Every structure is written in structure tokens, then in C-alpha cells.
Amino acid sequence: MKFLELKVPPVALFILVLVVSYFSAQQLSAGEIEMPFKLIVLGVGIALSGVIGLSGIWEFRKQKTTVNPIKVETASTVVDSGIFGYTRNPMYLGLFILLFCFGYFFQNIFSVLLSFAFVIYMNQFQIKPEERALEQLFGAEYVDYKQKVRRWI
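From a predicted model like this one, the values you see are computed outputs, not experimental measurements. (Residues numbered from 1 in each chain as written. Predicted model: local features only at pLDDT ≥ 70, side-chain atom pairs only at ≥ 80, totals over all residues. Heavy atoms only, no water.)

## With respect to the side chain of Ser115
Among the structural elements, Ser115 can be located in helix 4 (residues 109–138). In this structure Ser115 touches Phe96, Leu99 and Phe100, once residues within four positions along its chain are discounted. (Helix = DSSP H or I, 4+ residues; strand = E, 2+ residues; numbered from the N terminus. Contact = heavy atoms within 4.5 Å.)

Next up, the structure:
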């Protein structure tokens, strides 16, 4: 399934998973669960994902490198400052947090599980190919960074 590598823009995948999550919650009553504080969890998730995701974009802009996840080969530097000192994929982490919190808000186990399916897809078809490309571009510098900072958190 190599044909899927770096083909689906992460934001498009996020939207697709969010829509499927919503319809799962509407149609699959077997997955209904009752969890407390759904509005608080959603609000905190939106704020947290915004801070994490925008911090990643901010660092990329400061370093004057691309934020386009489909054209990894156009990256001009290894960004390891700011939020990138804690996670190698802050924008993807932000999207996951949003999906998880919306699934929680929908009060549906299938919706929550879809957020983890997003992580699995991203690891296989987006992040691993990105990492291979960045290793080719930056060599030991990127390998050292990978050893210091975790992929997600």
C-alpha cells in the first residue's frame, strides 16, 4: 500500500475522520457511552490542540522551512526548537487531540477509536515516509534529532 504514502494531506484525512466520527456517533447506537464533562473535555482539547499545532507552524515559519507535509523534499532545515523539542509532529498531535476530544464529545466509542485509527494511518503513510525523506535530506542531524525527541509525545 505504498501508493498511499504522502498522498492524502493530513488536514483532508482529519476532516474525513471527523465526518466519519460524527456519522458513527449518529448512526451506531451500539457504541454509545456516557462520559462526564464532555463540553469541558472538548473545550480543553480545542485549546490544547490549537496551542500545540500553531506552535509547530510558528517554529516552521521562524526557521523559514515548508509546512507542506506532501512536499517533504522542500524542507530546508531540521526544526528542533520550541515545541519540536517535545514532539516531532506537533501539528499531527494537535489533529489527534481534536479527533479524540470530538469523539469524546460525541459520546461514542467508535468515534473515539477512529482517532487512534488516524494515528495508525499517519504513522504508516505520512510520518514514516516523511522520516525517510528527512533522513536522506539531513542525514545524521535528523537521526540525532529522532533519537532525542519522540514521534508523538
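So much for the structure itself; the text now carries on.
## A short note on the UniProt feature "transmembrane region" (unreviewed entry) in the protein
UniProt annotation of "transmembrane region" (unreviewed entry) refers to residues 6–25, 37–58 and 91–122 when read in the numbering used here. Secondary structure across residues 6–25 divides into 80% helix and 0% strand, with the first and last C-alpha atoms of the span separated by 29 Å. Secondary structure content for residues 37–58 is 95% helix and 0% strand, and the end C-alpha separation is 31 Å. (UniProt positions renumbered as here; feature names shortened; annotations may be inferred.)

## Let's talk about the nonpolar core
Counting 21 residues, the largest nonpolar core has Phe96, Phe118, Met122 and Trp152 as the members making the most contacts within it. Counting only elements with at least two residues in this core, the list comes to helix 1 (10–27), helix 2 (38–62), helix 3 (90–106) and helix 4. When residues in this core are grouped by element, the largest group, eight residues, is from helix 3. In this structure Trp152 touches Thr87, Tyr92, Leu93, Phe96, Val119, Met122, Asn123 and Ile127, once residues within four positions along its chain are discounted. In terms of nonpolar packing, the next biggest core, distinct from the first, is built from 14 residues, Phe60, Ala75, Ile83 and Tyr142 among them. (Core = buried A, V, L, I, M, F, W, Y, C linked by side-chain atoms within 4.5 Å. Buried < 20%, exposed > 50% of the residue type's maximum accessible area, 1.4 Å probe, protein only.)

## Structural notes on the packing of aromatic side chains
One pass over the full model with this rule turns up 10 aromatic pairs. Aromatic pair Phe60 and Phe84: ring centres 4.9 Å apart, planes at 10°, arrangement stacked. Here Phe60, found in helix 2, pairs with Phe84, found in the loop between helix 2 and helix 3; they are 24 residues apart in sequence, far enough to count as distant. Owing to a relative accessible area of 17%, Phe60 belongs among the buried residues under this scheme. Between Tyr121 and Phe125, the ring centres sit 4.8 Å apart and the planes meet at 45°, which makes this aromatic pair tilted. Placement of both Tyr121 and Phe125 in helix 4 is noted, with a separation of four residues, approximately one turn of the helix. (Phe/Tyr/Trp six-rings, centres within 6.5 Å; stacked < 30°, edge-to-face > 60°.)

## Remarks on the environment of Val17
With respect to the helices and strands, the residue Val17 is situated in helix 1. Under the relative-accessibility criterion, Val17 is labelled buried at 11%. Each C-alpha atom, one on Val17 and one on Leu99, is 7.7 Å from the other, the two residues being 82 residues apart in sequence. When residues no more than four places from it in sequence are discounted, the contact partners of Val17 are Leu99, Leu114 and Phe118.

## Concerning helix 3
For helix 3, built from 17 residues, the straight-helix expectation of 24 Å at 1.5 Å per residue is met to within 8% by its first-to-last C-alpha distance of 24 Å. With respect to burial, helix 3 is a largely interior element, 13 of its 17 residues being buried. Positive phi appears at Gln107, one or two residues downstream of helix 3, with a value of about 60°. (Expected span 1.5 Å × (residues − 1).)

## Here we look at unusual backbone geometry
The backbone of Phe37 shows a phi angle near 60°, a positive value even though the residue is not glycine. Counting through the fold element by element, Phe37 comes out in the loop between helix 1 and helix 2. Among the residues examined, Phe37 registers a relative accessible area of 59% and is labelled exposed. At Lys64, a position not held by glycine, the phi torsion is positive, near 55°.

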